[in-house]
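Overview (structure and organization)
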Amino acid sequence: MTAPTAGGLLDVEQFAARVLGRPLWPHQLEVARSPARYRVVCAGRQVGKSVLLAVLALHAAATRRNVTVLIVSAGEDAAKRLLADVAGLATGSAALSGSVLDETKSALTLSNGSTIRSVPASERAIRGWPVDLLIVDEAGFVSDEIWRSAEPAIIARPGSRVIATSSPWGGPDAWFRSLWRRGMDRPDEQVAAWHWPSTVSPLVDAALLEEIRQREPADYFTREYLAEWGDAAGAYFTEDELTGAAAGYELRDPGTVPVHGRALWPMVGGVDWGQAVDANALVTLSVLDPADALDMRWRLYVPWLEAQHRAPWSSWIDRLVEVSGRFGMRVLASERNGVGAYPTEDLEDRLHRERVRTRVAPVWTDARRKQAGFGKLRTLLQGDRLVLPRHPELLKQLRALEFEQLPAGGVRIAVPERAGHDDLAMALMQAMSCVQTGRLRDALGASGAPSWRPDRDVVTTGRGAAVPRRPVPMQSSRWMDLPAGEAAGDGW
Ligand SMILES: Nc1ncnc2c1ncn2[C@@H]1O[C@H](COP(=O)(O)OP(=O)(O)OP(=O)(O)O)[C@@H](O)[C@H]1O
Ligand SMILES: [Mg+2]
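Calculation criteria
- The written sequence of each chain sets the order in which its residues are numbered from 1.
- Think of it this way: whatever chain is written first is A, whatever ligand is written first is 1, and the rest follow in order.
- Totals for whole chains, interfaces and linings use every residue, but because this is a predicted model, local features are given only for residues with pLDDT of at least 70 and side-chain atom pairs only at 80 or more, for both listing and counting.
- Here the side-chain values reflect all heavy atoms present in the structure, with hydrogen atoms and water set aside.
- We call a residue buried when its accessible area falls under 20% of the maximum for its residue type, exposed when it is over 50%, and partly exposed in between, using a 1.4 Å probe and counting protein chains only.
- In this description a helix means any DSSP run of H or I spanning at least four residues, a strand means any run of E spanning at least two, and both kinds are numbered starting from the N terminus.
- Picture the helix axis, draw a direction to every C-beta atom, and the arc is the one those directions span.
- Every residue pair with non-hydrogen atoms within 4.5 Å of one another is taken to be in contact.
- Domain extents, as shown, originate in an automatic or database domain assignment.
- Orientation is described by lines fitted to C-alpha atoms, with helices fitted over the stretch in contact, and by angles between N-to-C directions that extend from 0 to 180 degrees.
- Should an angle fall under 35 degrees it is called roughly parallel, over 145 degrees roughly antiparallel, and 65 to 115 degrees roughly perpendicular, with every other angle called oblique.
- Amino acids are sorted into nonpolar (Ala, Val, Leu, Ile, Met, Phe, Trp, Tyr, Cys and Pro), charged (Asp, Glu, Lys and Arg) and polar (every other residue, Gly among them).
- Working definition: rings of Phe, Tyr and Trp (its six-membered ring) pair if their centres are within 6.5 Å, and the pair is stacked with planes under 30 degrees apart, edge-to-face with planes over 60 apart, and tilted otherwise.
- In our convention, an over-ring charge means Lys NZ or Arg CZ found within 6 Å of a ring centre and within 35 degrees of that ring's normal.

If you check an unreviewed UniProt entry, the protein appears there as Terminase family protein from Pseudonocardia parietis.

Right, dumping it as structure tokens:
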């Protein structure tokens, strides 16, 4: 069918409201009405991207005969889902009820001869169709190669147009990002751009957003909800984050802990098993008593860490059993993929035989786990909740940690080979997985005063937090946890 009005084609606002029964929100309307040939939207989650794209696809197809609309999505599922949204809107409309979805669910044909085709972004799928409206969904994930092969198909067609939406993803030179930048800086009849953080949706409430912000790693929230571009690659921690958290307190050598003093050291640890060049490493975490802090805030700190170079696993396991026994370590997170599978089992066995009551939490490290773990570390650093020792090798490794956004989504976090080892950084990340910061509370102090004496021997972090030179951990294990998601890739 064709939906005419007395004066010509039905405008998109009326089409959405009257034909589809789905009036557009103001921010959607602004994009829908823009005359620019390229419309580019950088958007957060749940802001109405899919609804807008579905409405625009149907509007283009229904108001003219024999039009081709091509929807390109980053993946097969996404392509099918978006076309299902389109078909859903069409079915709900009496005027479009003659539309037919083909059995592969990849094309919707209207009774006026127009077609809406939805394909995953692969070169073969999109080359060569003359297209009147090209819709690119999650455009940040569509590679430059694919874009270059899709674009000529539309510019050859008079009056043809492009709309691209995505969460912010891709390096500064990637096509979506540079087109969006161009549209934001110099909008004209060729290119126009919009920025939709999740707050533009009338359905997204501030309280929910705040809850998500607290729960998710900062970079994830910034990207997915604020719709702001992070860098595509670079140093994972900033120099400020690291020097701000470092203080010259004394590490506590387990050899100096009285054997019967176990209960004094509520502590969790993370183990990294070295391969060829890497060392075996252990990093531990405890909590500084908030009642001892001038500002009464809890902070995690690293009471002890060590690495063993080029030592056989058997001697490293001996060492871990000894250290765990000395401190009365509660939990040791140990990687069970890669080289860690066998030694993790062995460690568990040895602890059991020596009657050391440390729980071994075998963990599976993959890209998502690293992203979650290092994200949590960064959140704690930014919030002034973690104190690091001035340990040159640990700080060097954390400085060398780099991230890179991957074209397929996800982030790779690693110390590049040229920059050396990552064993201590990884062990710290593993230890962090045994901590439930949600269970920690700042001290309220009945008297309102810290149990602090001005003569106490303290050192300060780069951000000015005072830490005892010889810190003693808080006598509580409430904050400890077995890492969630011992199965592959689960969250924390
Ligand atoms: N104009 C509108 N009127 C009423 N509800 C709408 C409108 N646009 C979107 N919605 C609703 O808002 C929610 C999010 O919409 P939509 O799925 O289009 O967002 P999205 O940005 O594609 O989300 P995601 O980031 O999850 O892909 C859905 O429940 C949808 O029905
Ligand atoms: Mg969507």
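**Looking at helix α1 (residues 12–19)**
For an α-helix the count is 3.6 residues per turn, leaving residues at separations of three or four pointing the same way. Turning to α1, its buried residues number three or more, namely Val12, Phe15, Ala16 and Val19. An end-on view of α1 places all buried positions within 110 degrees of arc, on one side of the element. Looking at the buried side of α1, the elements it contacts are α2 (26–33) and α3 (49–62). Count one or two residues on from α1 and you reach glycine 21, which has phi positive near 65 degrees.

**With respect to the domain arrangement of the protein**
Segmenting the protein into domains produces domain 1 (4–216) and domain 2 (233–468). The C-alpha-based centres of domain 1 and domain 2 are spaced at 46 Å.

**Some remarks on the packing of helix α14 (residues 392–400) against helix α15 (residues 423–432)**
What describes two packed helices is the angle between their axes and the distance between those same axes. Packing of α14 against α15 leaves a shortest axis separation of 8 Å and a crossing angle of 85 degrees. Between α14 and α15, the interaxial angle falls into the category roughly perpendicular. Note on element contacts: α15 touches α14 through Asp423, Leu424, Ala425 and Leu428, opposite Glu393, Leu394, Gln397 and Leu398. Each residue belonging to the contact of α14 with α15 can be placed in one class, and the counts come to five nonpolar, one polar and two charged.

**A short note on the packing of aromatic side chains**
Any pair of aromatic rings gets described here by the distance separating the centres and the angle formed by the planes. All told, the structure shown has 15 aromatic pairs when counted by the stated rule. Plain terms: the ring middles of phenylalanine 141 and tryptophan 169 are 5.1 Å apart, the flat faces sit at 20 degrees to each other, and that makes the pair stacked. You can see phenylalanine 141 sitting in the loop between β8 (133–136) and α6 (144–155) and its partner tryptophan 169 sitting in the loop between β9 (161–166) and α7 (175–185), a full 28 residues away along the chain. Judged by its relative accessible area of 3%, tryptophan 169 falls in the buried class. Both rings, one in tryptophan 273 and one in tryptophan 313, keep their centres 6.3 Å apart while their planes meet at 85 degrees; by these two values the pair is edge-to-face. One end of the pair, tryptophan 273, is in the loop between β13 (268–272) and β14 (280–288); the other, tryptophan 313, is in helix α11 (residues 313–327), and 40 residues separate them in sequence. On the accessibility criterion, tryptophan 273 (3% relative accessible area) is buried. Given a relative accessible area of 28%, tryptophan 313 falls into the partly exposed group. Three or more aromatic residues joined by ring pairs make a cluster, and in this case those are Tyr38, Trp147, Trp175, Phe176, Trp180 and Trp229. The ring of tyrosine 236 has arginine 378 sitting right over it, with the charged end atom 4.3 Å from the ring centre. Here arginine 385 stacks its cationic end above the ring of tryptophan 298, 4.3 Å away from the centre of that ring.

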